[in-house]
Amino acid sequence: MCAAIAAALLWGSQSAADKMVVGWVEEASIKPENLILQAKVDTGAGNTSIDARNIDFVKRDGRRFIRFEVDGRDGNTVEIEREQVGIETVPQLSGEYQERPLVIMEICLGNECRNTVVNLTDRSRLRYPLLIGRSFMLDRVICNPSARYTRKPDR
Amino acid sequence: MKVFLFALLIVTPMALTVQTSASEKTTVVGLIEDVRVDPGGLIFSAKMDTGADHSSVNAQSIHRFRRRGVRWVRFDLVNADGTTASLERRLVRLVTIKRSEGKKSKRPVVRLTICMGTISREVEVNLVDRSRFNYKMLIGRSFMEDNVLVDPSRKFTIEPQCPQQPTE
């Protein structure tokens, strides 16, 4: 499963000179919907998470898809559908476990776009609807914790 | 603008230190680095957490008290080896943490000096119980501000090399 996800990310090989420097807050865009979101770039997070509402599971041709809604920076609500690639089990402080579905989304910072494994969760009480973790950064992104909004989303 | 950004992308990542202006140098650190905490001199393998405002460190036996009307905290810093440093610091503030089921707890914040590579800064640090985590210390943005960049694909790239602080 992990190998399949890694292959799907389509990154190719990278040399040290190809790293992108971003701030700790950026405006990210989701393709192909061109949804603009404020994103927190968090080296302390392993995974990338998005604030997803009204999650529905749909089966087509024996494959499982997830339909969900995301509120964009401009106050618009966008419906997104992606194939489910897995499920993540997250232990809670209460001792219970929360299950978060996983999808692959094309996330762009400026004009640099990467296919990323994203978990769908409730971030409604948090400041930033998109949390970009190490699953996006891998070995191609460096974070500058004293910079914000270093690149405009490419429309 | 695009040409400038493109040129910057080529030039910037080529070295471990980067010139951002005539007098400034930036340092690129990995996701995990050994840092020294003073007072006490304890070494922690710390995770760089750009998602956190401030740093956090594993502290046990936390007791708050007053001395001549001023609030203090007595606590033991404990690293992953189990090495302990018993310290007393002035309380900077208390952060109220809301847990599930409505329970609240108060987390003390003190000032500690952190040394990472050749960078030594006194910053605010949250005293928390990190005994069940792999990394007993998190480094937040208030330490990293000004010229520290994080490359999360690397680990243990530098050792603490600040001049030793005189013991208190």
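Cut-off values and rules
- Residues numbered from 1 in each chain as written.
- Chains lettered and ligands numbered in written order.
- Predicted model: local features only at pLDDT ≥ 70, side-chain atom pairs only at ≥ 80, totals over all residues.
- Helix = DSSP H or I, 4+ residues; strand = E, 2+ residues; numbered from the N terminus.
- Buried ≥ 20, exposed ≤ 12 C-beta atoms within 10 Å, placed from the backbone.
- Contact = placed C-beta atoms within 7 Å.
- Core = buried A, V, L, I, M, F, W, Y, C linked by C-beta atoms within 7 Å.
- Nonpolar A, V, L, I, M, F, W, Y, C, P; charged D, E, K, R; others polar.
- pLDDT = per-residue confidence, 0-100.
- Pairing = 2+ DSSP bridges.

Undergrad: Can you help me understand the overall build of chain A in this one?
TA: Along chain A, the regular secondary structure elements total two helices and 10 strands. Taken from the N to the C terminus, the helices and strands of chain A come in the order α-β-β-β-β-β-β-β-β-β-α-β. Here chain A, with 155 residues, has 32% of them falling under the buried criterion. Sequence separation of 24 or more characterises 59% of the internal contacts of chain A that already satisfy a separation of 6 or more.

Undergrad: How should I be thinking about the overall build of chain B in this particular structure?
TA: What chain B contains, in helices and strands, is two helices and 11 strands. Expressed as a percentage of the 168 residues in chain B, the buried residues total 32%.

Undergrad: So what exactly am I meant to see when it comes to the nonpolar core here?
TA: General note: in soluble globular proteins, nonpolar side chains tend to be found buried as a group. Counting 63 residues, the largest nonpolar core has A:Leu130, A:Cys143, B:Val35, B:Val37, B:Val57, B:Leu77 and B:Ile139 as its most contacted members. Other than its neighbours up to four places away in sequence, B:Val35 contacts B:Phe44, B:Ala46, B:Ile114, B:Cys115, B:Met116, B:Met137, B:Ile139 and B:Pro160.

Undergrad: Help me understand the interface of chain B and chain A, please; the structure alone is not making it clear to me.
TA: Contacts between chain B and chain A engage 27 residues on the former and 23 residues on the latter. With six residues, the top contributor of residues to the side of chain B that touches chain A is strand E11 (residues 148-155) of chain B. The residue makeup of the side of chain B that touches chain A, split by class, is 14 nonpolar, five polar and eight charged.

Undergrad: What is the right way to look at the confidence of the model for chain A in this model?
TA: Any residue range with low pLDDT should be treated as having predicted coordinates unsuitable for detailed reading. Mean pLDDT for chain A: 88, with 88% of residues reaching 70 or above. In the predicted structure, residues 10-16 of chain A sits below a pLDDT of 50 and forms five contacts with residues beyond four places in sequence or in another chain.

Undergrad: Mind showing me how you'd approach the pairing of strand E4 (residues 55-67) of chain B here?
TA: The side chains of a regular strand alternate between both faces of the sheet. All names here are of chain B. Here E4 pairs with strand E9 (residues 119-128) via four bridges, running parallel. Note on E9: the bridge partner recorded for Ser-55 is Val-125. Note: E4 against strand E10 (residues 137-139), two bridges, orientation antiparallel. When the sheet's bridge partners are listed, Ser-56 is paired in E10 with Leu-138. Here E4 pairs with strand E5 (residues 70-78) via seven bridges, running antiparallel. Note that in E5 the partner of Arg-67 across the bridge is Val-70. Following E4, the chain reverses through two residues before pairing antiparallel with E5; Arg-68 in that reversal takes a positive phi of roughly 50 degrees.

Undergrad: Would you mind going over the environment of B:Thr50 with me for this structure?
TA: By the element assignment, B:Thr50 lies in the loop between strand E3 (42-48) and E4. Its 28 C-beta neighbours within 10 Å are what place B:Thr50 among the buried residues. Not counting residues up to four positions away in its chain, the partners in contact with B:Thr50 are A:Trp24, A:Val41, A:Asp42, A:Thr43, A:Gly44, A:Cys143, A:Pro145, B:Arg141 and B:Val150.

Undergrad: Can you help me understand the confidence of the model for chain B in this one?
TA: All names here are of chain B. For chain B, the average pLDDT comes to 87, and 80% of its residues sit at 70 or higher. Taken together, the stretch residues 17-23 has pLDDT below 50 and engages in seven contacts with residues farther than four places along the chain or on a different chain. For this predicted complex, the interface confidence comes out at an ipTM of 0.83, alongside a pTM of 0.83.

Undergrad: For this particular structure, what's the right way to read unusual backbone geometry?
TA: Most peptide bonds take the trans form, and the phi angle of most residues other than glycine is negative. With an omega of 0 degrees, the peptide bond running from A:Lys31 to A:Pro32 counts as cis. Looking at the element boundaries, A:Pro32 is found in the loop between strand E1 (20-31) and strand E2 (35-41). Following B:Asp38, the chain continues into B:Pro39 via a peptide bond in cis, with omega recorded as 5 degrees. Counting through the fold element by element, B:Pro39 comes out in the loop between strand E2 (25-38) and E3. Unusually for a residue other than glycine, A:Asn34 sits at a positive phi of about 60 degrees. Relative to the assigned elements, A:Asn34 resides in the loop between E1 and E2. The phi torsion at B:Ser61 lies on the positive side, around 50 degrees, for a residue other than glycine. In this structure, B:Ser61 sits in strand E4. Residue B:Ser61 is classed as exposed on the basis of its 10 C-beta neighbours within 10 Å.

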